[in-house]
Amino acid sequence: MTDPIIKFDSVGKRFGAITVLDDLDFEVANGEKVTIIGPSGSGKSTILRILMTLETISDGVVYVAGEPLWHERRGDALVPASEAHLREMRRHLGMVFQSFNLFPHMSVLRNLTEAPVRVLGLSKSEARDRARELLDMVGLADQAEKFPHQLSGGQQQRVAIARALAMRPRIMLFDEPTSALDPELVGEVQAVIRRLAEEHDLTMLLVTHEMRFAREISDRVCFIDGGRIREQGPPEELFTDPKEERTRDFLQAVLADN
């Protein structure tokens, strides 16, 4: 077994008196596709936001690609991470949010090229070539000169996926990527994520309420409740024969709504 590319070691996260993650131990192997499911407020999105350094941790240590994320090594000790360390660690990760988060004043092409030029130091021509390849991959090669407001929600989310990939991350995080879309647009975004899962060696961590989709693309599904992973396993096993009563209750409720 190689070392996990993501590791949460006894991680706690509190907002005042509210505990969101409770002594969480969680690992993801390199190249693994993992989906996190659970009720609202269970800590699902907080895991992704911690990985993207959008939320700090209260206890424990998070490791990404073998290095502490919110800490850095000083001799034998771990000390709070500097901004330079956080900036370097972010390069491993790309995130796709619920709400697209595209720059409205930039064309689709510039949305994809801005960060690779500024952060990775790519030449403008290299960044444009890479952007056009990615737009072709997500089925939007003909939309490069448009602005986000000229696109449908599904198209905007596909641009957001391409923009995250433009930074060449090793890990892709998806936080409810279809929840803001009209039902008829969900399939086009799921098709892009499915293709990424099948054709690329990316590590993928997905938070979703789309149980059928989670079952299709995941190597492993984790059910989280109360800030802890209550049950996890291969999707067929977890969805067909959950061992924990809390998992069964949750799945019965969400599958009845679908």
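All values reported here derive from a predicted model rather than from experimental measurement.

### Overview of the sheet that holds strand E11 (residues 220-225)
Here comes step 1: A sheet is described by the order of its strands in space; here 6 strands give the open sequence E8-E9-E10-E3-E11-E12, paired in mixed fashion. The strands lining the two open edges of the sheet, one partner per strand, are strand E8 (93-96) and strand E12 (228-233). Within this sheet the neighbouring strands show an average axis-to-axis angle of 20 degrees, counted without direction.
Here comes step 2: Note: strand E3 (residues 33-37) against strand E10 (residues 203-207), 4 bridges, orientation parallel. Looking across to E10, one finds that Lys 33 is bridged to Met 204.
Here comes step 3: Seen against the sheet, helix H1 (residues 44-51) touches E3, E8, strand E9 (171-175), E10 and E11 and runs at an angle of roughly 140 degrees to E10.
Here comes step 4: Packed onto the sheet, helix H5 (residues 153-166) meets E8 and E9 and runs at close to 175 degrees relative to E8.

### Observations regarding H5
Here comes step 1: Relative to the 20 Å expected for 14 residues at 1.5 Å per residue, H5 spans 20 Å between its end C-alpha atoms, a close match to the ideal helical length.
Here comes step 2: H5 sits mainly inside the fold: 14 of its 14 residues count as buried.
Here comes step 3: The positive-phi residue at the C-terminal boundary of H5 is Arg 168, with phi of around 55 degrees.

Rules used in this analysis
Residues numbered from 1 in each chain as written. Predicted model: local features only at pLDDT ≥ 70, side-chain atom pairs only at ≥ 80, totals over all residues. Heavy atoms only, no water. Pairing = 2+ DSSP bridges. Helix = DSSP H or I, 4+ residues; strand = E, 2+ residues; numbered from the N terminus. Axes fitted to C-alpha atoms, helices over the stretch in contact; angles between N-to-C directions. Contact = heavy atoms within 4.5 Å. Expected span 1.5 Å × (residues − 1). Buried < 20%, exposed > 50% of the residue type's maximum accessible area, 1.4 Å probe, protein only.

Everything listed is a geometric property; what it means functionally is a separate question.
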